[in-house]
Amino acid sequence: MHVVVVGGSLAGLRTAEALRKQGHDDRITVVGAEPRLPYDRPPLSKQLLTGKVGADATALGGADDLGVEWLLGRTASGLDLDRRRVVLAGGEQIGFDALVLATGSRARRLPLLEGWTGVHLLRTLDDALALRQALDHGSPRVLVVGAGVVGLEVASSARTLGLEVTVVELAGAPLARVVGERLAPVVAEMHREHGVDLRLGVSVEAVEGSGRVEALRLGDGSRVAADVVVVGVGAEAVTDWLEGSGVDIADGVSCDSRLRVRAGGRPLPHLVAAGDLARWDLPGLGPTRLEHWTNAVESAAAAAATLLRGDEAPAYDPVAYVWSDQHDRKIQVVGLHRPGDESEVVEGSLGDRRFVAAFGRGGRLVAGVGFGRPAKVMALRRLIAEGAPYPPEL
Ligand SMILES: Cc1cc2nc3c(=O)[nH]c(=O)nc-3n(C[C@H](O)[C@H](O)[C@H](O)COP(=O)(O)OP(=O)(O)OC[C@H]3O[C@@H](n4cnc5c(N)ncnc54)[C@H](O)[C@@H]3O)c2cc1C
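Basis of the calculations
- Residues numbered from 1 in each chain as written.
- Predicted model: local features only at pLDDT ≥ 70, side-chain atom pairs only at ≥ 80, totals over all residues.
- Heavy atoms only, no water.
- Helix = DSSP H or I, 4+ residues; strand = E, 2+ residues; numbered from the N terminus.
- Rg over C-alpha atoms; globule rule 2.2 N^0.38 Å.
- Buried < 20%, exposed > 50% of the residue type's maximum accessible area, 1.4 Å probe, protein only.
- Contact = heavy atoms within 4.5 Å.
- Areas by Shrake-Rupley, 256 points an atom, 1.4 Å probe, with all protein chains shown as cover.
- Salt bridge = Lys/Arg side-chain N within 4 Å of Asp/Glu carboxyl O.
- Axes fitted to C-alpha atoms, helices over the stretch in contact; angles between N-to-C directions.
- Parallel < 35°, antiparallel > 145°, perpendicular 65-115°, else oblique.
- Left-handed = near helix turned anticlockwise from the far one by under 90°.
- Nonpolar A, V, L, I, M, F, W, Y, C, P; charged D, E, K, R; others polar.
- Pairing = 2+ DSSP bridges.
- Core = buried A, V, L, I, M, F, W, Y, C linked by side-chain atoms within 4.5 Å.
- Domains from an automatic or database assignment.
- Buried area = accessible area lost by both parts, 1.4 Å probe.
- Polar contact = N/O pair within 3.5 Å; in protein donor to acceptor, adjacent residues only side chain to side chain.

Participant: Report on the overall build of the chain, specifying residues and quantitative values.
Facilitator: Each helix and strand counted, the chain has 8 helices and 27 strands in total. Relative to the compact-globule value of 21 Å for 394 residues, the chain shows a C-alpha radius of gyration of 22 Å, a close match. Structurally, the chain occupies a C-alpha span of about 60 × 55 × 35 Å along its principal axes. Expressed as a percentage of the 394 residues in the chain, the buried residues total 53%. Of the contacts made within the chain by residues no fewer than 6 positions apart, 62% connect residues no fewer than 24 positions apart. About 16,600 Å² of surface is accessible on the chain, with carbon and sulfur atoms providing 47% of the total.

Shown next as structure tokens:
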């Protein structure tokens, strides 16, 4: 069975590894649009920006030892499901017996900020190297648009470098989707105490400059001078190459509970998805898509098992996990909380910014958020997996 993997990053690499580990010794080909072997993205907004590590340290090891054919710098532009072929930009076609879709996500753009020198996105190693070079050049004033995970990590890294940083966010709270409304003020306070000028509930209205950005005008009438602007307004699944292929696309690709990709509503046994791209039926919760490192790794193992074992493979039913390093704190979230869930601090205090908060729904523990409490958060992850009651005993 020739397995073709489209997407040569974390989920693609880990699926190839899992296929080998689970006994697939036949041909594997990985098609990757980026011209390099897989590397890790989390350090891009953290250690790489602050200069603690160089580009080499972001490499994900093991890619060379799998007996996999890597087609790097090659972009899939289409999929012919009937003839089981992936079409590459340039016209070459690659036949497959089984296909793994792992094209992940790309940084969302803001049309208003397109085409200006000094404006950066952060998704790839090249993006990170370009941003780092800009941050190293004199003492630029940095303006981050968007107070999500990547935007706030960039703000934190730029403050570590001693730079003046403003963050502009349309919502009334930072990181609210990740940590929940109640804990978002803790994030805001932390950034302000570390010298970030955090502007909440305000839009970006206009750019000033001539070719190179000099300032942004905000919806409240204020003007923020900036030499470097970083757009951190989230990511979107990369599905354009699948348009017209028959694969069901809806905020990622639609998958069943074993990560089998649907076409016309029917899951196909020889087509699976993994990582940021997969939107799958999470048992008990319904269609879910996660842009988390751990999900890329765990879904890769599950997708490989489905390809090799079909219905004998277990449903993919993880307890979600994402972390973010900002200033001197590791923020971790396990499980999935929703507005309206009960929540309480079960250890530590918000004031110290060292705490664990638990979230419950219908008497069950469903999620936890920790600041500077890694071991306890992992204990909560286990409790969620066991179906523990809410409030939990830690
Ligand atoms: C700056 C940054 C920091 C992060 N920090 C954290 C963190 O601290 N914690 C955490 O949990 N998560 C973090 N993440 C998220 C995590 O890195 C992602 O969830 C993970 O990279 C997803 O892996 P993936 O392989 O599914 O997708 P991606 O990493 O997006 O890789 C997809 C690959 O597919 C390639 N591709 C796309 N289209 C095509 C095509 N048509 N043909 C061929 N190849 C194609 C792309 O070029 C890319 O190399 C961070 C992400 C970024 C960008």
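Participant: I'd like a rundown of the pattern of salt bridges, residues and numbers included.
Facilitator: Scanning the entire structure with this criterion turns up 28 salt bridges. Among the ionic pairs, Asp 281 bridges to Arg 262, the shortest N-O distance being 2.4 Å. Taken together, the residues span a long stretch of sequence, with Asp 281 in strand S21 (residues 278–282) and Arg 262 in strand S19 (residues 260–263) at a distance of 19 residues. With relative accessibility at 25%, the residue Asp 281 sits in the partly exposed group. Across the pair Lys 376 and Glu 347 runs a salt bridge, and its minimum N-O distance is 3.5 Å. One end of the pair, Lys 376, is in helix H8 (residues 374–386); the other, Glu 347, is in strand S25 (residues 342–349), with 29 residues separating them in the sequence. Overlapping salt bridges, with partners in common, bring together Glu 189, Glu 193 and Arg 353 in one network.

Participant: Tell me about the environment of Gly 104, residues and numbers included.
Facilitator: By the element assignment, Gly 104 lies in the loop between strand S7 (98–101) and strand S8 (105–107). Given a relative accessible area of 14%, Gly 104 falls into the buried group. Taking the C-alpha atoms as reference points, Gly 104 and Ala 273, 169 residues apart in sequence, are found 9.7 Å from one another. Leaving out residues up to four positions away in the same chain, Gly 104 has contacts with Glu 236, Ala 237, Val 238, Asp 276 and Leu 277.

Participant: If you had to explain the packing of helix H1 (residues 10–21) against helix H7 (residues 293–309) to someone new, which residues and values would you point to?
Facilitator: Between H1 and H7, whose axes approach to 8 Å, the crossing angle comes to 40 degrees. Compared by their axis directions, H1 and H7 come out oblique. Here the hand of the crossing between H1 and H7 comes out right-handed. Every residue of H7 that contacts H1 at Leu 10, Ala 11, Arg 14, Thr 15, Ala 18 and Leu 19 is listed here: Trp 293, Ala 296, Val 297, Ala 300, Ala 301, Ala 304, Leu 307 and Leu 308. For the contact of H1 with H7, a count of residues per class yields 12 nonpolar, 1 polar and 1 charged.

Participant: Account for the sheet that holds strand S5 (residues 85–88), with residues named and values stated.
Facilitator: Taking strand neighbours across the sheet as the criterion, the 3 strands line up as S4-S5-S6 in an open arrangement whose pairing is antiparallel. Where the open sheet ends on each side, the last strands, each with one partner, are strand S4 (76–80) and strand S6 (93–95). Averaged over all neighbouring strand pairs, the angle between strand axes comes to 25 degrees, with direction disregarded.

Participant: Please give an account of the nonpolar core that cites residues and values.
Facilitator: Among the nonpolar cores identified, the biggest contains 58 residues, and Leu 79, Val 86, Leu 99, Leu 101 and Val 253 are the most heavily contacted of them. The greatest single-element share of this core, amounting to 6 residues, is contributed by H1. Each residue touching Val 86, except ones within four places of it in the same chain, is listed here: Val 4, Val 6, Ala 76, Gly 78, Leu 79, Glu 92, Gln 93, Ile 94, Phe 96 and Leu 99. By size, the runner-up hydrophobic cluster in this structure holds 44 residues, among which are Leu 49, Leu 131, Val 154 and Val 196.

Participant: Describe the domain arrangement of the chain, with residues and values.
Facilitator: For the chain, the assigned domains read domain 1 (3–106 + 236–312), domain 2 (109–233) and domain 3 (328–386). The partner domain 2 presents 15 residues to the 18 residues of domain 1 that form the contact. Taking both partners together, domain 1 and domain 2 bury about 1,500 Å²; carbon and sulfur atoms supply 61% of that area. For the pair domain 1 and domain 2, the interface holds 3 salt bridges. With a shortest N-O distance of 3.0 Å, Glu 153 and Lys 46 are connected by a salt bridge. At the junction of domain 1 and domain 2, the tally comes to 10 residue pairs in polar contact (both at pLDDT 80 or more). Listed by contribution, the elements that provide at least two residues to the side of domain 1 that touches domain 2 are helix H2 (47–50) and S8. Element by element, the count of residues in the side of domain 1 that touches domain 2 is highest for H2, at 3 residues.

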